[in-house]
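In case you want the letters, here they are:
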Amino acid sequence: MTTTLEPPAPTPAPEASRQRARKRPRRRTQLSAHGEPFVWISGGALVLALAMVVGLFALVLGFGLGTFWPGPLEQITLEDGTSVLGELQREETVRLDGEEVDRRLIRVGNRDLTGVSFRWIDNADVAKVERPDWALVVERLSWGRFYGTPVSYQVQGEVVTEDPAEVWSAFLAEQGPARERLAEIRTLEEHEIGRVNARLERARLATRGAELRFGEDSDEARRAKMQELRIQEEGEASFAELGAKIAALRAKNAEQKVVFRTSDGVDVPMEVASIVRAYPANRLSFTGKVGVYLARWWEFLSADPRESNMEGGVFPAILGTVSMTLLMSILVVPFGVLAALYLREYAKQGIVVSTIRIVVNNLAGVPSIVFGVFGLGFFCYVVGGSIDRAFFPEALPDPTFGKRGLIWAALTLALLTLPVVIVATEEALAAVPSSMREGSLACGATKWQTIRRIVLPRAAPGIMTGMVLAIARGAGEVAPLMLVGAVKLAPSLPVDLTAPFVHPSRSFMHLGFHIFDLGFQSPDSEAAKPMIYTTTLLLIVIILALNSIAFWVRGRLRRKLQGVHV
Amino acid sequence: MNELPGSILEPSGLFDAIHEGRSFDAVVHEATFDERSILEIEKLRLWYGSSQALFDISMLCPEGKVTALIGPSGCGKSTLLRCVNRMNDLIDTVRIEGQIRLSGQPILDSGTDVIELRKRIGMVFQKPNPFPMSIFENVVYSLRIDGERDRGLLEEVCEESLKGAGLWEEVKDRLESSALALSGGQQQRLCIARAIAAEPEVLLLDEPCSALDPIATGRVEDLIDELKGTYSILMVTHNMQQASRASDYTAFMYLGRLVEFGPTQDLFLQPRLKETEDYVTGRFG
Ligand SMILES: Nc1ncnc2c1ncn2[C@@H]1O[C@H](COP(=O)(O)OP(=O)(O)OP(=O)(O)O)[C@@H](O)[C@H]1O
Ligand SMILES: [Mg+2]
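Residues numbered from 1 in each chain as written. Chains lettered and ligands numbered in written order. Predicted model: local features only at pLDDT ≥ 70, side-chain atom pairs only at ≥ 80, totals over all residues.

## Some words on the overall build of chain B
Applicable threshold: Strands are runs of DSSP state E lasting at least 2 residues, helices are runs of H or I lasting at least 4, and numbering of each runs from the N terminus. Using C-beta atoms placed from the backbone, we call a residue buried if 20 or more other C-beta atoms fall within 10 Å of its own, exposed if 12 or fewer do, and partly exposed for counts in between. By the criterion used throughout, residues are in contact when their C-beta atoms, derived from the backbone, lie within 7 Å.
Looking only at helices and strands, chain B has 12 helices and 11 strands in total. Put simply, chain B has 285 residues, and 48% of those count as buried. By sequence separation, contacts in chain B at least 24 residues apart represent 71% of the contacts at least 6 residues apart.

## As for the overall build of chain A
Scanning chain A for helices and strands turns up 16 helices and 13 strands. Structurally, chain A occupies a C-alpha span of about 125 × 85 × 55 Å along its principal axes. Within the span of chain A, comprising 566 residues, buried residues form 31% of the whole. For chain A, contacts bridging at least 24 residues in sequence account for 68% of all contacts bridging at least 6.

## A closer look at helix H2 (residues 77-84) of chain B
Burial runs high along H2(B): 8 of the 8 residues are buried. Where H2(B) is concerned, the buried positions are Lys77(B), Ser78(B), Thr79(B), Leu80(B), Leu81(B), Arg82(B), Cys83(B) and Val84(B).

## Quick word on the interface of chain B and chain A
Filter applied, for reference: Throughout, the ten residues Ala, Val, Leu, Ile, Met, Phe, Trp, Tyr, Cys and Pro are labelled nonpolar, Asp, Glu, Lys and Arg are labelled charged, and all others, Gly among them, are labelled polar.
Taken together, the contact between chain B and chain A spans 21 residues of the former and 20 residues of the latter. Of all the elements in the fold, those that place two or more residues in the side of chain B that touches chain A are helix H3 (114-120) and helix H5 (141-145) of chain B. Split into classes, the residues belonging to the side of chain B that touches chain A amount to 12 nonpolar, 5 polar and 4 charged.

## Topic: the packing of helix H8 (residues 184-197) of chain B against helix H9 (residues 214-227) of chain B
Residues and elements named next belong to chain B. The test is simple: A fitted line through C-alpha atoms serves as each axis, taken over the contacting stretch for helices, and the angle formed by two N-to-C directions is quoted from 0 to 180°. Every angle not falling under 35 degrees, over 145, or within 65 to 115 is termed oblique; those three ranges are roughly parallel, roughly antiparallel and roughly perpendicular.
H9 packs onto H8 with a crossing angle of 10° between their chain directions and a minimal axis gap of 11 Å. Between H8 and H9, the interaxial angle falls into the category roughly parallel. Side by side, H8 and H9 meet where Gly185, Arg189, Ile192 and Ile196 of the first sit next to Ala216, Val220, Leu223 and Leu227 of the second.

## Observations concerning the confidence of the model for chain B
All names here are of chain B. What counts is decided by this rule: In predicted models, pLDDT denotes the confidence assigned by the predictor to each residue on a 0 to 100 scale.
With 96% of its residues at a pLDDT of 70 or more, chain B shows a mean pLDDT of 86. The model gives residues 1-6 a pLDDT under 50, and that stretch makes 7 contacts with residues more than four places away or in other chains. Confidence metrics for the complex model read pTM 0.78 and ipTM 0.89.

## Some words on the sheet that holds strand E8 (residues 202-206) of chain B
Residues and elements named next belong to chain B. Going by this rule: Strand pairing is assigned whenever DSSP detects at least two bridges linking the two strands.
If you trace the 7 strands from one edge of the open sheet to the other, you get E1-E11-E10-E4-E9-E8-E7, paired in mixed fashion. In this open sheet, the two strands that pair with only one neighbour each are strand E1 (27-28) and strand E7 (121-124). Sitting on the sheet, H8 is in contact with E7 and E8, with an inclination near 180° to E7.

## What to know about helix H13 (residues 447-475) of chain A
Note the threshold: To estimate how far a helix should reach, multiply one less than its number of residues by 1.5 Å. Take the seven residues that end at a residue and the seven that start at it, fit an axis to each, and the angle between those axes is the bend at that residue.
The end-to-end C-alpha separation of H13(A) is 36 Å, well short of the 42 Å expected for 29 residues at 1.5 Å each. The principal kink in H13(A), of about 50°, is found at Ala460(A), preceding the proline Pro461(A) by one to four residues.

## Overview of the site of ligand 1
Residues and elements named next belong to chain B. Short version of the rule: Nearness between a residue and a molecule or strand is assessed with a C-beta atom placed from the backbone; a distance within 6 Å qualifies.
Around ligand 1 sit Tyr48, Ala53, Ser73, Gly74, Cys75, Gly76, Lys77, Ser78, Thr79 and Ile91, and those are all the residues in its vicinity. The element contributing the most residues to the shell around ligand 1 is H2, with 3 residues. Of the residues that constitute the shell around ligand 1, the class distribution is 4 nonpolar, 5 polar and 1 charged.

## Considering the sheet that holds strand E3 (residues 51-62) of chain B
Across the sheet, which stays open at both edges, the 4 strands sit in the order E3-E2-E5-E6 (chain B) with antiparallel pairing between neighbours. Two strands in the sheet have a free side with no partner beyond their single neighbour: E3 and strand E6 (105-106) of chain B.

## So, the confidence of the model for chain A
Residues and elements named next belong to chain A. Looking at chain A as a whole, its pLDDT mean stands at 84, while 95% of the residues score no less than 70. Looking over chain A, one finds the lowest element-wise mean pLDDT in helix H1 (residues 18-21), namely 55, and the highest in helix H12 (residues 434-442), namely 92. Counted against residues more than four places away or in other chains, residues 1-10, with its pLDDT under 50, gives 4 contacts.

## Observations regarding the pairing of E8(B)
All names here are of chain B. We apply this condition: Call a crossover right-handed when, viewed with both strands pointing away from you, the route from the first strand across the helix to the second goes clockwise.
With respect to burial, E8 is a largely interior element, 5 of its 5 residues being buried. Strand direction decides the pairing type here: E8 and strand E9 (residues 232-236), joined by 5 bridges, are parallel. By the bridge assignment for E9, Val202 is matched with Ser232. For the handedness criterion, the β-α-β arrangement of E8, H9 and E9 is classed as right-handed.

## Thoughts on the pairing of E7(B)
Residues and elements named next belong to chain B. Going residue by residue along E7, you find Ile121 and Met123 tucked away on one face and Gly122 and Val124 tucked away on the opposite face as well. In the sheet, E7 pairs with E8 via 4 bridges, with the strands oriented parallel. Paired with Gly122 across the two strands is Leu203, which belongs to E8.

## Structural notes on the nonpolar core
The nonpolar side chains of a soluble globular protein tend to be buried, and buried together. Our working definition: The term nonpolar core refers to a group of buried residues, namely Ala, Val, Leu, Ile, Met, Phe, Trp, Tyr and Cys, whose C-beta atoms join them within 7 Å.
Core analysis: the largest hydrophobic core is formed by 159 residues, its most contacted members being Ala410(A), Val421(A) and Leu39(B). Take this core: its biggest share by element is 17 residues, from helix H11 (residues 406-430) of chain A. Every residue in contact with Leu39(B), bar those within four places of it in the chain, is listed here: Leu60(B), Cys61(B), Val84(B), Ile100(B), Leu102(B), Val202(B) and Leu234(B). In terms of nonpolar packing, the next biggest core, distinct from the first, is built from 25 residues, Val108(A), Phe260(A), Val272(A) and Val276(A) among them.

## Let's talk about the packing of helix H10 (residues 368-391) of chain A against H11(A)
Angle between the axes and distance between the axes: these two values describe a pair of packed helices. Residues and elements named next belong to chain A. Which entries qualify depends on this criterion: Left-handed describes a crossing whose near helix is turned anticlockwise from the far helix through less than a right angle; right-handed describes the clockwise counterpart.
The contact between H10 and H11 brings their axes to 9 Å, and the two run at 135°. Here H10 is positioned oblique relative to H11, judged by the angle of their axes. Along this stretch, H10 crosses H11, giving a crossing that reads as right-handed. Facing H10, whose interface residues are Ser368, Phe371, Gly372, Gly375, Phe379, Cys380 and Gly384, H11 presents Trp408, Leu411, Thr412, Leu415 and Leu416. Each residue belonging to the contact of H10 with H11 can be placed in one class, and the counts come to 7 nonpolar, 5 polar and no charged.

## Notes on unusual backbone geometry
The phi dihedral of Asn110(A) is positive, around 50°, even though this residue is not glycine. Following the sequence through the fold, Asn110(A) ends up in the loop between strand E3 (99-107) and helix H4 (111-114). The buried category is assigned to Asn110(A), around which 24 C-beta atoms lie within 10 Å. In this model, Lys43(B) sits at a positive phi of 45°, which is unusual for a non-glycine residue. Among the structural elements, Lys43(B) can be located in strand E2 (residues 37-48).

## Quick notes on the environment of Lys245(A)
Within the secondary structure, Lys245(A) sits in helix H6 (residues 219-255). Through-space distance from the C-alpha of Lys245(A) to that of Leu188(A) is 8.5 Å; in sequence the pair is 57 residues apart.

## Observations concerning the environment of Ser354(A)
Within the secondary structure, Ser354(A) sits in helix H9 (residues 351-363). C-alpha separation for the pair Ser354(A) and Leu343(A), spaced 11 residues apart in sequence, amounts to 9.2 Å.

Below, the structure is given as structure tokens:
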């Protein structure tokens with residue numbers, strides 16, 4: 001790099017080229033010109049940035065993946081003779097009253113009996129640690145985990161067996177059918193009864209609508225009222241029938257019970273159907289552990305949440321996040337592209353357009369909660385309220401659209417991510433070579449034809465980049481969602497199998513909000529913590545997946561433009 | 001090339017006049033008046049913002065003939081060409097005075113339908129500019145924008161135009177692949193095919209061969225030869241041989257002015273101005 005090049009010896013020249021011979025020699029390249037320090041600085045900056053990103057990701061990945069791994073169950077006997085059964089959560093050293101204390105956090109479960117599910121134990125107090133053979137981890141529908149040993153199995157109140165192994169196998173045999181009955185009860189309660197209720201509601205609204213339209217005493221109103229009464233009668237009959245069915249199933253489930261004993265010696269009878277999953281933690285082989293691990297993941301991904309979201313799954317939140325993000329993309333991309341098209345292609349470039357551009361760019365800096373407030377005030381109340389008054393007057397004062405919902409959340413986030421799409425699209429449009437536009441115009445194409453046939457296809461990959469950025473921004477946003485549609489627990493899914501399949505007015509669950517809720521609103525933060533990591537991991541994976549799709553489409557578009565066969 | 005035995009012409013002092021900003025009359029050979037003209041350029045002046053790029057250009061393009069524009073770089077050849085199909089409209093700062101007539105109709109008026117005008121005047125640019133679509137779609141672009149759907153007709157036009165541009169044999173098996181994958185020379189011929197597919201009355205060629213190798217250049221020149229008669233061609237070139245081989249009329253421009261305009265033979269063999277002679281013989285500088 002620093003080879004010195006001697007200037008060539010001046011050739012003996014006639015008059016004319018003497019000027020040349022006197023030419024001043026070039027200076028040697030200075031150290032600062034080589035830019036080595038700059039390379040070091042930029043490389044260092046990259047490493048630092050990478051380290052932080054990788055660190056954060058490793059943290060989320062490490063904790064997130066570890067959450068569902070079944071650990072051993074330890075029976076800890078304390079110096080005072082009492083004993084504790086539970087899973088070791090972590091150990092730490094703290095200074096208490098100026099003294100260093102080693103202590104461990106044990107998940108003791110059995111919240112229904114003791115009121116707490118975690119306990120700090122000083123290592124100094126520990127007399128003995130054992131891993132009892134038949135200690136079971138029992139995940140229940142309510143009250144969180146239970147730890148204990150099987151005592152007996154009862155059918156219709158009669159003790160069938162008291163041998164732990166036999167109790168265990170009886171439980172395993174009965175668990176499947178019992179859970180199926182429970183699922184049936186759920187279906188009856190949610191879908192069948194829900195359907196009857198919906199029918200009643202429709203009939204009520206029809207009456208109300210007829211009254212509003214034709215007057216209270218009109219024939220139409222009276223006819224609708226008659227119809228409503230008839231449907232009410234049918235409804236009562238259905239309710240009675242469904243109630244009987246449910247009661248029968250419940251009674252059947254109540255017959256099968258397991259009795260467990262806690263480490264304090266308390267016997268707890270439990271319906272088999274109320275147990276989601278149980279395993280003898282200390283008897284599990286490696287494959288058994290993997291089985292429990294995968295089953296927990298599956299439950300997490302596919303089931304509804306329980307226990308104020310601390311247990312169970314996050315399926316509604318996954319569905320909510322994905323459908324909200326997709327709806328947002330569908331709204332923001334055409335909107336942003338049109339705006340950018342006008343700004344770049346049609347508007348007369350000048351001070352006004354420059355100002356608009358600056359304003360749009362700075363819109364990205366407005367705190368997202370402000371968008372939330374705007375969305376709530378404008379979309380939910382003004383727009384939604386107007387829709388209700390215009391199309392659903394019979395349901396008032398109950399709002400149909402005039403409340404927080406999927407569509408308003410998607411619109412709010414679309415507004416939030418609009419600058420990203422506009423800026424990316426404008427850049428993509430500006431990058432279309434003017435020679436292509438001129439070529440098209442010279443063929444006699446109009447400006448619009450040129451834009452549609454040449455400019456937009458050419459800019460499509462750049463527009464996709466804007467979409468990727470918008471998705472990343474929108475899917476991770478929480479603050480505005482709390483105001484315009486995300487809820488802790490949604491009664492129904494925003495997308496389901498009943499027509500019209502997408503229900504834009506429903507509120508929905510969202511992974512980002514779920515994380516916030518688990519972290520700051522849950523009654524048992526210690527139990528929620530692992531779920532936070534897992535949910536975060538899931539959210540990141542979902543955003544990555546959505547973006548990968550967009551990247552893939554973009555790559556295809558790009559290759560197509562460059563003329564490579566795809 | 002055409003060395004005149006010890007030039008008999010005296011410097012006319014015309015360049016001095018140009019440099020001093022005095023007005024003068026371009027030398028136009030009488031032979032040009034005998035031709036039926038398709039384009040008439042009348043006292044055309046053009047400004048980019050406040051700097052004037054064209055000064056009182058008056059000339060005509062004979063119908064069915066090839067007219068070449070020559071002159072040093074930056075003298076306004078492309079600018080003049082782009083006035084004819086109103087491409088200069090795209091530049092906000094441009095101001096034009098004077099008139100151009102296409103078959104007698106004025107085209108620089110604000111009332112002119114620019115889209116219709118451009119459908120009658122095809123253009124091939126200095127740099128090949130294929131569109132980001134298939135070869136086939138590139139060629140039939142002008143029919144597509146007119147809403148033509150008849151696949152048979154489109155295919156026929158595509159084949160004819162590609163044959164006309166001497167590209168058919170090379171691309172007939174991959175009409176559906178992207179035009180951007182073609183080589184530079186192929187792209188330029190594709191652009192020529194695209195221009196002739198529209199069957200314009202006038203074809204504007206802005207240094208169509210500057211990106212081409214000698215063989216492709218030869219092909220394009222042959223093509224120009226074939227096309228003339230059917231089309232009237234106005235082309236810019238920096239290549240004197242090309243101008244003398246391919247064109248019927250030649251206009252020599254200098255610093256935004258028309259200097260000499262006449263039949264190519266005359267302009268190259270018996271120029272009336274010493275400056276033209278110097279330029280076409282390469283003694284200019
Ligand atoms: N868009 C523009 N804005 C301002 N000035 C321009 C613009 N385009 C061309 N000019 C100026 O107008 C003059 C003529 O340019 P033009 O492109 O017509 O030259 P040319 O004869 O085609 O040159 P070349 O042979 O190098 O292509 C030049 O001085 C150039 O700098
Ligand atoms: Mg030019």
